[in-house]
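Commentary on secondary and tertiary structure
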There are 2 protein chains.
Amino acid sequence: MSKPVIVGLVDDHVLLRKGLASLLVDNGYPLVIQADNGKQFIDKLSGDEIPNIVLLDINMPVMDGYATAIWLKEHYPQMKILALSMYDDEHSIIRMLRNGAGGYILKDCEPAELKIAIEAILQKGYYHNELVSSKLIHTMQNADNGSARNGYPELSTKEVKFLQLICSEMTYKEISAVMKLSPRTIDGYRDALFEKLGIKSRVGLVMFAIRNHLINV
Amino acid sequence: MSKPVIVGLVDDHVLLRKGLASLLVDNGYPLVIQADNGKQFIDKLSGDEIPNIVLLDINMPVMDGYATAIWLKEHYPQMKILALSMYDDEHSIIRMLRNGAGGYILKDCEPAELKIAIEAILQKGYYHNELVSSKLIHTMQNADNGSARNGYPELSTKEVKFLQLICSEMTYKEISAVMKLSPRTIDGYRDALFEKLGIKSRVGLVMFAIRNHLINV
DNA sequence: GTGAAAAAGGGTGAAAACACCTACTTAAAG
DNA sequence: CTTTAAGTAGGTGTTTTCACCCTTTTTCAC
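In this report, the structure presented in the accompanying data block is examined. (Residues numbered from 1 in each chain as written. Chains lettered and ligands numbered in written order. Predicted model: local features only at pLDDT ≥ 70, side-chain atom pairs only at ≥ 80, totals over all residues. Heavy atoms only, no water.)

**A closer look at the pattern of salt bridges**
As a working rule, side chains carrying opposite charge can pair if their charged atoms are close by. All told, the structure shown has 16 salt bridges over all chains when counted by the stated rule. Residue Glu110 of chain A pairs with Lys18 of chain B through a salt bridge whose shortest N-O separation is 3.3 Å. Taken together, the residues span two chains, with Glu110 of chain A in the loop between β5 (103-106) and α5 (111-124) and Lys18 of chain B in helix α1 (residues 14-26). The exposure class assigned to Glu110 of chain A is partly exposed, which follows from its relative accessible area of 41%. Using a relative accessible area of 29% as the deciding quantity, one classes Lys18 of chain B as partly exposed. A salt bridge links Arg190 of chain B to Asp187 of chain B; the shortest N-O distance between them is 3.1 Å. Taken together, the positions of Arg190 of chain B and Asp187 of chain B, both in helix α9 (residues 183-197) and three residues apart, correspond to about one turn of that helix. Taking the relative accessible area as the measure of exposure, Arg190 of chain B reaches 17% and is therefore buried. One connected set of salt bridges, linked through shared partners, spans Asp11, Asp57 and Lys107 of chain A. (Salt bridge = Lys/Arg side-chain N within 4 Å of Asp/Glu carboxyl O. Helix = DSSP H or I, 4+ residues; strand = E, 2+ residues; numbered from the N terminus. Buried < 20%, exposed > 50% of the residue type's maximum accessible area, 1.4 Å probe, protein only.)

Quick look at the structure:
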């Protein structure tokens, strides 16, 4: 054994986090730095106890897993990231991997797999299980015909904003006022999204936004 | 100390469950019976090690927390139930309490609260924290003017079915065909729901259905 | 600067969604 | 047996959504 491994653990569900911390301690990782969200975790990094690896939840208040991963890769590029999520959808997986995660495991996996994943990431820098591989392959196969690394076509900032506003009871006219754009332009956004995503109605766009976690329900 | 307490733990998120089990053991509850879902838990009850209290997750595959609570109250009425969920919405809370839960805590609560809750339920049979109390009061205050124990007005089976179909790209006409009713009747369903729920558009109904877990996203 | 591409803005008409009002049928409640 | 309430169904008209055509402005590479 060389230096002891320090594990970061970022999750807003306190019971899960403390329970997981207890598991980690039992499995030979006595040094666990916990945080409620990305922001709080970053604030704890000022000392000299810098984690070698961080288990990062995606859905958190204040600062979520996506943003945290980007920040960590920027400021602590040597720190390994293992994404930890409830969701097994392509979008979330691909996005976390793009943002610098070395692996992605589900919250309903076996503790044994967690241990294997941690060891793999510490040694090889990555851990790709069945789940991640299948999604990666699927994304790659669709990457040439327009789909990008998200599992669906690239969306602009304004399109995302539009998709979020669409999930309200506002009419397109009211949305155009909020976005300070002409109603016609909004019309164009909608038609472009219909075309890109193969959707035919506003309700379809709403469901797309929800399924891809573009809004918080 | 009298007889040792046996704790049941039903949750499909393996990491959370095993972590929580570890926490429970550390806190003086060495006897924990774990299960992935309600069905599996029921199957484990044949022996003579019957839990005094069960920590029951709501969202699980195969057999969820609602159904499990009802079954337990029917077959093991002496077993205490503590609902354990990620969601703090009125609907879920009220429904679990109606189904026999003695308490309801969130997955992001502190372990200390969990312990307090377990002790209270074992001794008094119930544990009502701030969260539960406020939702209970709100429900009671609205109970006279139409709102029922769900936190929103009672919905008929067909209305629920309608709300589920509304979350698709079908037009009302197509929905009427699926439900074998006149388009006018469907129109009436929509208007009645608008009125009852204070909603003004189809998108609003879609969001309502999702927020109240009437459909799986 | 020029030319291509992307973003924004526009018109018209059909279909869908929404508002409001009435009527019949059935089943429970008086 | 009548009254009420709930479920079903219809008529009419307005607003919103959607489809398909187009032009202007902005951006950016060359």
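**Remarks on the protein's contact with DNA strand C**
Every residue near DNA strand C is listed here: Lys158, Leu181, Ser182, Arg184, Thr185 and Tyr189 of chain A together with Thr171, Tyr172, Arg190, Phe194, Ser201 and Arg202 of chain B. In DNA strand C, atoms within 4 Å of the protein come 71% from sugar and phosphate. A distance of 3.0 Å separates a base nitrogen of DNA strand C from a polar atom in the side chain of Arg184 of chain A. Take Arg202 of chain B: an N or O atom from its main chain is 2.7 Å from a phosphate oxygen of DNA strand C. Those elements that place two or more of their residues in the surface near DNA strand C are α9 (183-197) of chain A together with α9 of chain B. For the surface near DNA strand C, the leading source of residues is α9 of chain A, giving three residues. A class-by-class count of the residues in the surface near DNA strand C yields four nonpolar, four polar and four charged. (Near = heavy atom within 4 Å. Polar contact = N/O pair within 3.5 Å; in protein donor to acceptor, adjacent residues only side chain to side chain. Nonpolar A, V, L, I, M, F, W, Y, C, P; charged D, E, K, R; others polar.)

**Focus: the relation of the copies chain B and chain A**
Laying chain B over chain A is done by rotating through 180° and shifting 0.1 Å along the axis; what remains is an RMSD of 0.9 Å. One copy is carried onto the other by what is essentially a two-fold rotation axis. When C-alpha positions in chain B are compared against the rotation axis, the closest is assigned to Gly19 of chain B, at 1.7 Å. (Least-squares fit on C-alpha atoms with pLDDT ≥ 70 in both.)

**Section: the protein's contact with DNA strand D**
Taken together, Thr171, Tyr172, Arg190, Phe194, Ser201 and Arg202 of chain A together with Lys158, Leu181, Ser182, Arg184, Thr185 and Tyr189 of chain B make up all the residues around DNA strand D. When atoms of DNA strand D within 4 Å of the protein are sorted by moiety, sugar and phosphate together comprise 70%. One of the backbone N or O atoms of Arg202 of chain A is found 2.7 Å from a phosphate oxygen in DNA strand D. Taking Arg184 of chain B, its side chain carries an N or O atom lying 3.2 Å from a base nitrogen of DNA strand D. Among the elements of the structure, α9 of chain A together with α9 of chain B are those that each provide at least two residues to the surface near DNA strand D. Per-element accounting of the surface near DNA strand D gives the leading share, three residues, to α9 of chain B. By residue class, the composition of the surface near DNA strand D is four nonpolar, four polar and four charged.

**Here's the deal with helix α5 (residues 111-124) of chain B**
Residue and element names in this part refer to chain B. End to end, α5 covers 20 Å across 14 residues, agreeing with the expected 20 Å (1.5 Å per residue, within 8%). Listed as buried for α5 are Pro111, Leu114, Ala117, Ile118, Ala120 and Ile121. One or two residues past the end of α5 sits Gly125, with phi positive at roughly 95°. (Expected span 1.5 Å × (residues − 1).)

**A short note on the packing of aromatic side chains**
All names here are of chain A. The final tally for this structure, using the stated rule, is six aromatic pairs over all chains. Consider the rings of Trp71 and Tyr76, whose centres lie 6.0 Å apart with planes at 40°: the pair is tilted. Under the relative-accessibility criterion, Tyr76 is labelled buried at 18%. Between Phe162 and Tyr172, the ring centres sit 6.2 Å apart and the planes meet at 25°, which makes this aromatic pair stacked. One end of the pair, Phe162, is in helix α7 (residues 157-166); the other, Tyr172, is in helix α8 (residues 172-178), and ten residues separate them in sequence. These aromatic residues form a ring-pair network of at least three members: Phe162, Tyr172 and Tyr189. (Phe/Tyr/Trp six-rings, centres within 6.5 Å; stacked < 30°, edge-to-face > 60°.)

**A few points about the pairing of strand β4 (residues 80-85) of chain B**
All names here are of chain B. Here β4 lies mainly inside the structure; five of its six residues are buried. Pairing analysis gives five bridges linking strand β3 (residues 53-57) to β4, with the strands arranged parallel. Paired with Leu56 across the two strands is Ala83, which belongs to β4. As a crossover connection, the stretch from β3 through helix α3 (residues 65-75) into β4 is right-handed. (Pairing = 2+ DSSP bridges. Right-handed = clockwise from strand over helix to strand, strands pointing away.)

**Things to note about helix α10 (residues 202-211) of chain A**
With nine of its ten residues buried, α10 of chain A lies for the most part within the structure. By the burial criterion, the buried members of α10 of chain A are Arg202, Val203, Gly204, Leu205, Val206, Met207, Phe208, Ala209 and Ile210 of chain A. Buried residues belonging to α10 of chain A abut α7, α8 and α9 of chain A together with α7 (157-166) and α10 (202-211) of chain B. His213 of chain A sits one or two positions beyond α10 of chain A and adopts a positive phi of about 55°. (Contact = heavy atoms within 4.5 Å.)

**Some points on the environment of Asp12 of chain B**
One can find Asp12 of chain B in the loop between β1 (6-10) and α1. Sequence-wise, Asp12 of chain B and Met60 of chain B are 48 residues apart; in three dimensions their C-alpha atoms are separated by 5.8 Å. Excluding residues within four positions of it along the chain, Asp12 of chain B makes contact with Asp108 of chain A together with Asp36, Asp57, Asn59, Met60 and Pro61 of chain B. At 3.4 Å, the side chain of Asp12 of chain B forms a polar contact with the side chain of His13 of chain B.

**Points about the sheet that holds strand β2 (residues 31-35) of chain B**
Residue and element names in this part refer to chain B. Read from one edge to the other, the open sheet built from five strands follows the order β2-β1-β3-β4-β5, with strand pairing classed as parallel. Both edges of this open sheet fall to β2 and β5 (103-106), since each of them pairs with a single strand only. Taking each pair of neighbouring strands and ignoring which way they run, the sheet shows an average axis angle of 20°. Relative to β5, β4 runs parallel, the two being bridged by four bridges. Along β5, the bridge assignment pairs Leu82 with Gly103. Packed on one face of the sheet, α1 meets β1, β2, β3 and β4 and runs near 170° to β2. Most of the contacts of α3 go to β3, to which it runs at about 155°, and overall it touches β3 and β4. (Axes fitted to C-alpha atoms, helices over the stretch in contact; angles between N-to-C directions.)

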